[in-house]
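The lines below spell out each chain.
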Amino acid sequence: MLMVAGVVATACAVIAPATASAQGFIYNQHQPRANRANLIDDNHMLVQAGEIDYDYNNSRISAVGNVQMFYNGTSVEADKVIYDQKTKRLHAEGNIRMTDAEGKITYANILDLSDDYRDGFVDSLRVDTEDQTRMAATRADRSSGNYTVFDNGVYTACAPCKDDPKKPPLWQVKGARIIHNQTEKMLYFENAQLEFFGVPMAYLPYFSTPDPTEKRKSGFLMPGFTTYSAFGVGVEIPYYFALAPDFDATFNPRITSKQGVLFQGEFRQRLSNGAYQIRLYGIDQLDQGAFAGQPGDRQFRGGIETKGQFALNDKWTWGWDGVLLTDYYFMSDYRLAQYKDPFGSFLSLPTEAISQLYLIGVGNRSFFDARAIHYRSYSGNQNQVPVVAPVIDYNNVINSPIFGGEFSYKVNFTNLTRETAVFDPITTTANTNGLCLTTSADPMARAPSRCLLRGMPGTYTRLTAEAQWRKSYTDPLGQIWTPFVGVRADAIHADISNQPGVSNFLPVGDTQTVRLMPTVGFEYRYPFINVQPWGTTTIEPITQVIIRPDEPKAGKLPNEDAQSFVFDTSNLFAVDKFSGYDRVEGGSRANVGVQATNQFDRGGSVNAMFGQSYQMFGLNSFAVADVTNTGIDSGLQNPRSDYVASLAYSPNRTYTFSVRSRMDEATWNINRFEAQASANFDRWSASVTYGDYAEQPELGYQARREGIMTTGSLKVAANWVVTGSARWDLQSNKINQYVFGAGYVDDCFVLAANYVSSYNYSVGSGPPVLNKTYLLTLGLRTIGINSVNF
């Protein structure tokens, strides 16, 4: 036997594993570490150790003391390594750490493998993969370079406890045998049990899952459970098909206790410039009589959902969303369309589905959006829902100054069709006696206190184009003068169906209207700035004068997109305060206010604004009742508007406070008041919103409304979060909505439970209906996520 010992602490050898002669051994004790990697190739093994012994007679090489071995992209570290060149086997002992080419790390006490790592065994091993999954076993046997059998194996995707690595992980799966098929990239568990914190929770005779290196693999997914009175108890057993790298499919039947099998399937494909998906539903109902008198009273029910989005280039994108159903109650009856919380639990049902085709373009200072939209109602009033085809918006701000100022323009085209008029009874009398549907030659028969026309029947088309120029000047005194001019033109065509009651609101038949609204105005600001050691105070009086003619045909045209309106400091200085295009603010108006801002040097700021609007001359658009009474009771209906004020205070990033108020111009009574406070800490956050709103009988609010909305979340531990919200109606002294949830989320596990209780209100119907929902979500990383809804 020849013993070679390095003069320094480390010896180095390059070995040709396939050769048994002494020529295969090369020793260089002075080879720098940086150059040793250059010696590694597919035919040589690099070994570093404190001592290297070569046995000529038995063709064995032994490396002892801090051994490091590199071969075929795999490294082995151990106290002792013996390589037998005759049998081509590698034997390692003590503190073994083997890292393969994929980044998987194996720790063990004894390792015995062939030199190509195809066959062998490992005792007392632990395997850590690159994606933070871990396996351990008393012994692992490897054969054919493909199969590895772990005896008494343990698998988890959770990191070990930092304070006590020997402590059981949050969850783990133990199996009498775990078989890893490397070709299939699958893990098969035999006689397994699921443990949480080392405590067995579920017995699994047999199950399989893709190994951590496989991101997409065909097979069964986690089952799901749902309960609902319409179909009883439902169990879903999804199967996933990884058909190709760019497309896949999921077959997801739901077996229900009352209605049979609800078949569900989804196909997805990703292309070079986008992706699309198609989802199908279908059920042959066993007990269609359970839906007697309802749209679901039929044998077959089903639907199709699809969506897709594709990029034409870096500026243009097109796509679609589509829903087609046998009946509008299908999605809600089978709980198929539901919103989810951040944990993945189902929270509530949407009221409608949107089918649309769209084209979007985004430039440096321009935006284009064109789409055709069909709303599918889940509440049964489909004939009252409009089809919007198309609606087109284009906005552009010219890059170059024109006459030294900024020039912008925008265009909107809208075309919608509705079969049946949508009336909104705003008094009990109107709802009970059906006064919304009466016809009368007297236009005042439609008293504003009776009902509103929320949607006109027929076809409505409008083209709007608007252009504006403005430029700001700052004089030597610091005063800022901003003149602006603009013009807006609307071309309107309305073909209104002569349905009962509609003529009380709008002229029926075919109507064409052209509406022109020029604008001339200026805005004046004079900021006064005071700098102190503690911060900077800015007080800025603001005056705005807008000259416009009267609104053409005010209140006599359909109003589809401008029905929502709240007057406050956010739109005090808006040239047109209406929320949409169907109404346009006419008449000449002066908007006056003052804004004060304190910016503290040590952080924090206070911003306050107070103002009022004055109708100088012409027709006040907000005093004219249209089909929805938009503007009435808004605070702008009088020549002198209500006072509006706001205050926002943010001392730091933790706290924010804001107050918004509208006060009666004559009495200073509060007509609208909102206050909000929020706090965000590392472990908890909370917000409280208080609202107090005066009655607005012309809009259907016959009594004062007052309530408090609270939300909060608390991080009770490193990964545990408790959330909740409640809405308290102070007028009726009733909590009419509350949500409570608790969840655990980390890198390997999700557990969430939610309880939702709320009242559903419907205009003109009976008393509100109380709905209660319980939700539970459980997810194990790399294995799956499951939700239960009941």
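Residues numbered from 1 in each chain as written. Predicted model: local features only at pLDDT ≥ 70, side-chain atom pairs only at ≥ 80, totals over all residues. Heavy atoms only, no water.

**Student:** Is there a simple way to think about the overall build of the protein in this case?
**Tutor:** Counting its secondary structure elements, the protein contains three helices and 51 strands. By the burial criterion, 42% of the 790 residues in the protein qualify as buried. Of the contacts made within the protein by residues no fewer than 6 positions apart, 50% connect residues no fewer than 24 positions apart. Entry remark: accessible area of the protein is about 39,300 Å², with carbon and sulfur atoms responsible for 57%. (Helix = DSSP H or I, 4+ residues; strand = E, 2+ residues; numbered from the N terminus. Buried < 20%, exposed > 50% of the residue type's maximum accessible area, 1.4 Å probe, protein only. Contact = heavy atoms within 4.5 Å. Areas by Shrake-Rupley, 256 points an atom, 1.4 Å probe, with all protein chains shown as cover.)

**Student:** Got a minute to help me understand the environment of Phe 657 in this structure?
**Tutor:** Following the sequence through the fold, Phe 657 ends up in strand 43 (residues 655-663). In this structure the C-alpha to C-alpha distance between Phe 657 and Ala 677, which are 20 residues apart in sequence, comes to 4.5 Å. In contact with Phe 657, other than residues within four places in its own chain, are Leu 647, Ala 648, Tyr 649, Pro 651, Gln 676 and Ala 677.

**Student:** In this structure, what is going on with the state of the cysteines? I would like to understand it.
**Tutor:** What is meant by a disulfide is a covalent connection between two cysteines, made through their sulfur atoms. Tallied over the full model, the rule gives one disulfide. Note that Cys 158 is cross-linked by a disulfide to Cys 748, the S-S spacing being 2.0 Å. Here Cys 158 and Cys 748 share a disulfide; its torsion about the S-S bond, 85 degrees, makes the bridge right-handed. A residue pair is termed long-range when its members are at least 10 positions apart, and Cys 158 in the loop between strand 12 (147-156) and strand 13 (171-181) and Cys 748 in the loop between strand 48 (734-745) and strand 49 (749-760) qualify at 590 residues. (Disulfide = S-S within 2.5 Å.)

**Student:** Help me understand the confidence of the model for the protein, please; the structure alone is not making it clear to me.
**Tutor:** Low pLDDT means the predicted atomic positions in that stretch should not be read closely. Per-residue confidence for the protein gives a mean pLDDT of 84; residues scoring 70 or more make up 87%. Taken together, the stretch residues 16-42 has pLDDT below 50 and engages in 53 contacts with residues farther than four places along the chain or on a different chain. Per-residue pLDDT stays below 50 along residues 762-766; that stretch engages in three contacts with residues further than four places along the chain or on separate chains. (pLDDT = per-residue confidence, 0-100.)

**Student:** Is there a simple way to explain the environment of Pro 533 in this structure?
**Tutor:** Take Pro 533: it is sitting in the loop between strand 38 (528-532) and strand 39 (535-547). Measuring from C-alpha to C-alpha, the distance between Pro 533 and Asp 601 comes to 7.8 Å, with 68 residues separating the pair along the chain.

**Student:** Explanation requested: the side chain of Glu 195 in the structure shown.
**Tutor:** Tracing the backbone through its elements, the reader meets Glu 195 in strand 14 (residues 186-196). A relative accessible area of 3% places Glu 195 in the buried class. Here the side chain of Glu 195 touches Gln 193 through a polar contact of 2.8 Å, side chain to side chain. Excluding residues that lie within four positions of it along the chain, Glu 195 makes contacts with Leu 170, Trp 171, Gln 172, Lys 174, Pro 200 and Met 201. (Polar contact = N/O pair within 3.5 Å; in protein donor to acceptor, adjacent residues only side chain to side chain.)

**Student:** Looking at this structure, I do not really get the pairing of strand 13. What am I missing?
**Tutor:** Across a regular strand the side chains alternate sides, sitting on one face of the sheet and then on the other. Across the eleven residues that make up strand 13, a large majority, eight, are buried. Here eight bridges tie strand 12 to strand 13, and the two strands are oriented antiparallel to one another. Within strand 13, the position partnered with Phe 150 by the bridge is Ile 178. Direction of pairing for strand 13 relative to strand 14: antiparallel, over a ladder of ten bridges. Bridging from a neighbouring strand, Asn 181 pairs with Met 186 of strand 14. Counted between consecutive antiparallel strands, the loop separating strand 13 from strand 14 contains four residues, among which Lys 185 sits at a positive phi close to 55 degrees. (Pairing = 2+ DSSP bridges.)

**Student:** Would you take a moment to explain the side chain of Arg 589 for this structure?
**Tutor:** Looking at where Arg 589 falls in the secondary structure, it is placed in strand 40 (residues 588-600). Looking at Arg 589, the relative accessible area reads 1%, which means it is buried. Only 2.7 Å separates the side chain of Arg 589 from the side chain of Ser 613, close enough to count as a polar contact. Of the polar contacts made by the side chain of Arg 589, one reaches the side chain of Asn 620; its length is 3.2 Å.

**Student:** What's the story with the packing of aromatic side chains in this structure? I'm lost.
**Tutor:** On inspection of all chains with the given rule, the structure shows 40 aromatic pairs. With a centroid separation of 4.5 Å and 25 degrees between ring planes, the pair formed by Phe 681 and Trp 684 is classed as stacked. Over the ring of Phe 121 we find Arg 139; its NZ or CZ atom is 4.2 Å from the centre of that ring. Sitting above the plane of the Tyr 473 ring, Lys 471 keeps its charged end 5.1 Å from the centroid. (Phe/Tyr/Trp six-rings, centres within 6.5 Å; stacked < 30°, edge-to-face > 60°. Lys NZ or Arg CZ within 6 Å of the ring centre and 35° of its normal.)

**Student:** Got a minute to help me understand a nonpolar patch on the surface in this structure?
**Tutor:** There is a patch of nonpolar side chains on the surface, built from Phe 220, Ile 237, Phe 241, Leu 243, Phe 251, Ile 255, Val 261 and Phe 263 and spanning about 730 Å² of accessible area. Contributing elements (two or more residues each) for the nonpolar patch: strand 19 (239-244) and strand 22 (260-271). Turning to its location among the elements, Phe 241 is positioned in strand 19. (Patch = residues over 30% accessible without salt bridge, like charges linked within 9 Å, V, L, I, M, F, W, Y side chains within 5 Å. Salt bridge = Lys/Arg side-chain N within 4 Å of Asp/Glu carboxyl O.)

**Student:** Explain the pairing of strand 6 (residues 60-71) here, please?
**Tutor:** As defined by bridge partners, strand 4 (residues 45-49) adjoins strand 6 across three bridges and the pair is classed as antiparallel. Note that in strand 6 the partner of Gln 48 across the bridge is Gln 68. Sheet topology places strand 5 (residues 51-55) next to strand 6; five bridges connect them, and they run antiparallel. Across the sheet, residue Ile 52 finds its bridge partner in strand 6, namely Ala 63. Turn length for the strand 5-strand 6 hairpin, with the two strands adjacent in sequence and antiparallel, is four residues, and the turn residue Ser 59 shows positive phi of about 50 degrees. Of the pairings in the sheet, the one linking strand 6 to strand 7 (residues 74-84) comprises ten bridges and is antiparallel in character. Across the sheet, residue Gln 68 finds its bridge partner in strand 7, namely Glu 77. The antiparallel pairing of strand 6 with strand 7 creates a hairpin that spans two residues between the two strands, and Asn 72 there sits at a positive phi of about 50 degrees.

**Student:** Mind showing me how you'd approach the pattern of salt bridges here?
**Tutor:** Side chains carrying opposite charge are able to pair once their charged atoms draw close together. Tallied over the entire structure, the rule returns 35 salt bridges. With a shortest N-O distance of 2.8 Å, Glu 236 and Arg 254 are connected by a salt bridge. With Glu 236 in strand 18 (residues 232-236) and Arg 254 in strand 21 (residues 254-256), the pair connects residues that are 18 residues apart, well separated along the chain. Its relative accessible area of 2% is what places Arg 254 among the buried residues. A salt bridge links Arg 371 to Asp 369, with the nearest nitrogen and oxygen atoms 2.8 Å apart. Like Asp 369, Arg 371 is buried. Here the residues in one salt-bridge network are Arg 488, Asp 490, Arg 515, Arg 548 and Asp 576, joined through shared partners.

**Student:** Is there a simple way to think about the environment of Gly 234 in this case?
**Tutor:** Tracing the chain through its elements places Gly 234 in strand 18. Separated by 100 residues in sequence, Gly 234 and Tyr 334 have C-alpha atoms that sit 9.4 Å apart. Leaving out residues up to four positions away in the same chain, Gly 234 has contacts with Gly 224, Phe 225, Thr 226, Arg 254, Ile 255 and Thr 256.

**Student:** Hey, could you run me through unusual backbone geometry in this one?
**Tutor:** Note: most peptide bonds trans; most residues except glycine with negative phi. A cis amide bond links Ala 389 to the next residue, Pro 390, at an omega of -5 degrees. One non-glycine residue, Asn 66, adopts positive backbone phi at about 50 degrees. Inspection of the secondary structure assignment puts Asn 66 in strand 6. Overall, the relative accessible area of 70% leaves Asn 66 in the exposed class.

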